[in-house]
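So the chains spell out like this:
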Amino acid sequence: MPTPISGYILRPATASDIPAIYGLMLEMAQFEKLTDIFKATPATLQASFFGPEPAAHCLVITTEAAPETAISYIMWFHNYSSFLDRRGLYLEDVYISPAHRGRGLGGWVLKHLATKALELGCGRFEWVVLDWNQNAIDFYKHHGAEILDDWRMVRVTGDALQRLATQP
């Protein structure tokens, strides 16, 4: 596992972390200017992480001084590559409170998840980044990530999803 960062704890989220995770997710949606599509609630997060069929895994970072208070959340799940014929580890979110940025926590998270991906036999570790977030793009490249400019995210959601599912 990657070397821990002094003063911080990276651990699996617990049900008692849900209110803090929800607050951090809302901060991230505000930063990304995506509050119009933000639908999560503490109850839905509880089901997503701790229900009978969890949809995702969640980690939190806390300080050693306040181990019950999350200052970061990291959400990931498995995807699958047909060409590799192996599952992958997909990083959905990593958000670190602004007051704790610049201390190596982001790199620590990436190294932790890369190690986890290898331990789980994953064929790849991937995520998306907003094209206007140059700080994140530079950060990811610094850590060895390749930005796939020739691939485009495709999404159907909301009314369009309903129409697609019900059209003859």
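Conventions and cut-offs
Residues numbered from 1 in each chain as written. Predicted model: local features only at pLDDT ≥ 70, side-chain atom pairs only at ≥ 80, totals over all residues. Heavy atoms only, no water. Helix = DSSP H or I, 4+ residues; strand = E, 2+ residues; numbered from the N terminus. Rg over C-alpha atoms; globule rule 2.2 N^0.38 Å. Buried < 20%, exposed > 50% of the residue type's maximum accessible area, 1.4 Å probe, protein only. Contact = heavy atoms within 4.5 Å. Areas by Shrake-Rupley, 256 points an atom, 1.4 Å probe, with all protein chains shown as cover. Lys, Arg positive; Asp, Glu negative; His and termini not counted. Charge placed at Lys NZ, Arg CZ, Asp CG, Glu CD. Salt bridge = Lys/Arg side-chain N within 4 Å of Asp/Glu carboxyl O. Core = buried A, V, L, I, M, F, W, Y, C linked by side-chain atoms within 4.5 Å.

The next thing to look at is the overall build of the protein. Of regular secondary structure, the protein possesses five helices and five strands. Across the protein, helices and strands are ordered from the amino to the carboxyl terminus as β-α-α-β-β-β-α-β-α-α. For 168 residues, the compact-globule estimate of 2.2 N^0.38 gives 15 Å, and the C-alpha radius of gyration of the protein, at 17 Å, lies within 12% of that figure. Within the protein, the proportion of its 168 residues that are buried is 34%. For the protein, long-range pairs separated by at least 24 residues make up 60% of all intrachain contacts whose partners lie at least 6 apart in sequence. Approximately 10,800 Å² of the protein is accessible, and the part contributed by carbon and sulfur atoms is 56%. Across the protein, the 14 positively charged side chains and the 18 negatively charged ones have centroids separated by 1 Å.

On to the pattern of salt bridges. Summed over all chains, the structure comprises two salt bridges. For Arg11, the salt bridge identified is with Asp17, shortest N-O distance 2.7 Å. Judged on exposure class, the residue Arg11 and its partner Asp17 are both buried. In this structure, the salt-bridge partner of Arg124 is Glu126, at a minimum N-O distance of 3.3 Å.

Attention now goes to the nonpolar core. Tyr8, Ile61, Ile74, Leu105, Trp108 and Leu113 are the most contacted members of the largest nonpolar core, which totals 20 residues. Those elements giving two or more residues to this core turn out to be strand E1 (8–12), strand E2 (57–63), strand E3 (70–81), strand E4 (86–96), helix H3 (105–119) and helix H4 (134–142). Ranked by residues supplied to this core, first place goes to H3 with six residues. Setting aside anything within four residues of it in sequence, one finds Ile74 in contact with Leu10, His57, Cys58, Leu59, Ile61, Leu91, Asp93, Val94, Val109 and Leu113. By size, the runner-up hydrophobic cluster in this structure holds 18 residues, among which are Ala13, Leu24, Met28 and Phe49.

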